[in-house]
Amino acid sequence: MNMKSKYLHSGKLLLLIPLVLATGCKSGCNRAPGKIDEQEASEIVQRIEAMKQVYHLCPSPAEMLSVIDFGDMNFNADLLDPVSNADRYLDTKSTTLALGIYATDLAYCAIFGRHEETLNYLEVVRSVSEKARLTGAIDDELVQHARDNVANLDSLFLMSNEAFINMLFFCERNDRPGTIVLLSAGSFIESLYLAVNLVDDYDNAGYLLQHLTDQKYALENLMVFAESLKGEDENVSAVIEDLGPIVRIYEGLEAGSGAVTIRTQTEATSEQPKKLVIGGGESSPPTLSAKQFEELRQETIRLRTRLVEG
Amino acid sequence: MKNIRYLYLLILALVIFPLNLIAQDCVNYHELGDCMLDKQRGYKVYSQSKSVSMNPLDTVELNIVFYGQKDYILSFCAHKKMYPIHFTLVDPESRQVLYDNTNDRYIESLGVGFDVTKSITVTIQALARTSSENEVEHSVGCVGLLIQYKNYDAKKVNLKMQ
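Report follows, based on the coordinates. All values reported here derive from a predicted model rather than from experimental measurement.

Residue and element names in this part refer to chain B. Following the criterion strictly, the structure yields two disulfides over all chains and no others. Here cysteine 26 pairs with cysteine 142 through a disulfide, and the sulfurs are 2.0 Å apart. Handedness of the cysteine 26-cysteine 142 disulfide follows from its S-S torsion of about -80°: it is left-handed. Separated by 116 residues along the polypeptide, cysteine 26 in the loop between helix 1 (2-16) and strand 1 (44-45) and cysteine 142 in strand 9 (residues 141-151) bring together distant segments of the chain. For the pair cysteine 26 and cysteine 142, a shared accessibility class is recorded, and that class is buried. If the cysteines joined by disulfides in chain B are listed in sequence order, their pairing comes out as 1-4, 2-3.

Right under this line is the structure:
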């Protein structure tokens, strides 16, 4: 029940080819006898009917960070992985994880509207993406567009998001799910690292803590996706192990009631779609205790430090 | 003469491999298909928008993280032979079906506000009602889900840590 289904789907296409060739000439054809009979065709169809493609998706770095209200915060370049570190990453695993980290730093600079830093991180994302063999995922047009619109805050945010989405598209087109896992893991760890470093005082960090707690959903999706590739890709297996301590902290979260409320706010009209509102009702959301937060902070900093050292 | 030979080979290839079986690049279909007609000013495209290649007999499940305090628009699109599209929103924890578009005559666009962050399973089936049985069995096409989002107008943080 995971990304593997995608590959079963490809297998289905292979099954379909003889089926279509066999049934594509219903009359006037001399089909070789015994190649495929009706019962076999029916079995194939039944197997096809049982096919399900399942995808577990993760938010982009810009989306993970945009949940944080940076309004009263100052840009802190010391939190970022310096662009000068880009040469440290030599193997596939460290390079692809670093790409996710740099993509998140790019989003952080863009959210703060830091023109020069945004362009620097875009350049480093491009060069590291080439090193990770995501050739052309960040093209000249995107870089030029960023340069031309560097004064536009919204444009910088969209550009940083587009850069990440282009890399995902590249991986999908080239059948590299393992690269998506590493890229997403790098960006997840960096967004967590930035968030835990923004918390000065647990007691007054309400909304940030809620964001950190909510990241359990993104982590769950990432882990299910990664687990589906375990054994097929040793870098993915290594990342699953790397994330283990953080996963265990999230698994220990007080679950909350999990209740969901749903109400219809507006019916569909020609101008606007029907609108529903999904809420948590009166239930309590999952919570991150002070002890769990401290553990999460330490584990995140430890893992992130290890990753940026290459 | 050479061109005629290539043309002959192309026609032969099309006879042997029907068009719908030639691999389609569906990766960014939601950025190209009818979904874009729903593009709204003031909304950003969510990175968890997704397009897949599917057969009308398939079911696709997308597990998506929706951050709280945001309005989303979910728009579904496909090749005209694949319509109508049946979709549901399911709470993956309780398996409760939160929404099923059969109750709204298979509408293709839905606005959803999330007060709190939730992981939601979106199931998609292309019912292909205008296709023949043969087409249903043999056709493979792109189906896209474009997700757009924007922050709630007045950010109301109604969740507090306990």
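What follows deals with the packing of aromatic side chains. One pass over the full model with this rule turns up 15 aromatic pairs over all chains. Ring geometry for Tyr46(B) versus Tyr72(B): centroids 5.5 Å apart, planes at 65°, classification edge-to-face. Of this pair, Tyr46(B) sits in the loop between strand 1 and strand 2 (50-54) while Tyr72(B) sits in strand 4 (residues 70-78); the two residues are 26 residues apart in sequence, bridging distant segments of the chain. You'll find Tyr46(B) and Tyr72(B) in the same group, each marked buried. One aromatic cluster is present, formed by Tyr46(B), Phe66(B), Tyr72(B), Phe114(B) and Tyr149(B) through successive ring pairs. The aromatic ring of Phe157(A) is capped on one face by Lys44(B), whose charged end is 4.6 Å from the ring centroid.

Let us now look at the interface of chain B and chain A. Listed by partner, the interface residues are 60 residues for chain B and 61 residues for chain A. Note on chain B versus chain A: buried area summed over both sides is about 5,500 Å², and carbon and sulfur give 60% of it. Summed over the shared surface of chain B and chain A, the number is six salt bridges. Asp104(B) is the salt-bridge partner of Lys274(A), the closest N and O atoms lying 2.9 Å from each other. Remark: the boundary between chain B and chain A carries 23 residue pairs in polar contact (both at pLDDT 80 or more). Contributing elements (two or more residues each) for the side of chain B that touches chain A: strand 1, strand 2, strand 3 (59-66), strand 4, strand 6 (97-100), strand 7 (109-114), strand 8 (118-126) and helix 2 (133-138) of chain B. A total of seven residues in the side of chain B that touches chain A trace back to one element, the largest contributor, which is strand 3 of chain B. Residue composition of the side of chain B that touches chain A, by class: 30 nonpolar, 15 polar and 15 charged.

On the surface, a cluster of negative charge is contributed by Asp139(A), Glu141(A), Glu162(A) and Glu31(B). On the accessibility criterion, Glu162(A) (38% relative accessible area) is partly exposed.

This part is about the sheet that holds strand 1 (residues 52-56) of chain A. Taken in spatial order, the five strands of this open sheet run 1(A)-3(B)-8(B)-5(B)-6(B), and their pairing is mixed. Each edge of the sheet is formed by a strand with only one pairing partner; in this case those strands are strand 1 of chain A together with strand 6 of chain B. Mean inter-strand twist for the sheet, computed between neighbouring axes without regard to direction, equals 20°. Both strand 5 (residues 85-90) of chain B and strand 6 of chain B contribute to a ladder of three bridges, which runs antiparallel. Residue pairing across strands places Thr88(B) opposite Asp100(B), the latter belonging to strand 6 of chain B. Helix 9 (residues 206-227) of chain A contacts strand 1 of chain A together with strand 3 and strand 8 of chain B of the sheet and is inclined by roughly 145° relative to strand 3 of chain B.

A few words now on the pattern of salt bridges. Per the counting criterion, the structure on display carries 20 salt bridges over all chains. Measuring nitrogen to oxygen at the nearest pair gives 3.4 Å for the salt bridge that ties Glu135(B) to Lys81(B). One end of the pair, Glu135(B), is in helix 2; the other, Lys81(B), is in the loop between strand 4 and strand 5, and 54 residues separate them in sequence. Overall, the relative accessible area of 30% leaves Glu135(B) in the partly exposed class. Salt bridges sharing partners connect three or more residues here, namely Glu123(A), Arg126(A), Asp140(A) and Arg147(A).

The next point concerns the pairing of strand 1 of chain A. Among the five residues in strand 1 of chain A, four count as buried, and that is most of the element. Of the pairings in the sheet, the one linking strand 1 of chain A to strand 3 of chain B comprises five bridges and is parallel in character. What sits directly across from Lys52(A), in strand 3 of chain B, is Thr59(B).

All names here are of chain A. Buried within helix 6 (residues 140-148) are the following residues: Leu142, Val143 and Ala146. Taken around the axis of helix 6, the buried residues stretch over an arc of 100°, which confines them to a single face. Residues Asp140, Glu141 and Asp148 are exposed on helix 6 and point more than 90 degrees away from its buried face.

Quick notes on the rules
Residues numbered from 1 in each chain as written. Chains lettered and ligands numbered in written order. Predicted model: local features only at pLDDT ≥ 70, side-chain atom pairs only at ≥ 80, totals over all residues. Heavy atoms only, no water. Disulfide = S-S within 2.5 Å. Helix = DSSP H or I, 4+ residues; strand = E, 2+ residues; numbered from the N terminus. Buried < 20%, exposed > 50% of the residue type's maximum accessible area, 1.4 Å probe, protein only. Phe/Tyr/Trp six-rings, centres within 6.5 Å; stacked < 30°, edge-to-face > 60°. Lys NZ or Arg CZ within 6 Å of the ring centre and 35° of its normal. Contact = heavy atoms within 4.5 Å. Buried area = accessible area lost by both parts, 1.4 Å probe. Salt bridge = Lys/Arg side-chain N within 4 Å of Asp/Glu carboxyl O. Polar contact = N/O pair within 3.5 Å; in protein donor to acceptor, adjacent residues only side chain to side chain. Nonpolar A, V, L, I, M, F, W, Y, C, P; charged D, E, K, R; others polar. Patch = residues over 30% accessible without salt bridge, like charges linked within 9 Å, V, L, I, M, F, W, Y side chains within 5 Å. Areas by Shrake-Rupley, 256 points an atom, 1.4 Å probe, with all protein chains shown as cover. Lys, Arg positive; Asp, Glu negative; His and termini not counted. Charge placed at Lys NZ, Arg CZ, Asp CG, Glu CD. Pairing = 2+ DSSP bridges. Axes fitted to C-alpha atoms, helices over the stretch in contact; angles between N-to-C directions. Arc of directions from axis to C-beta.

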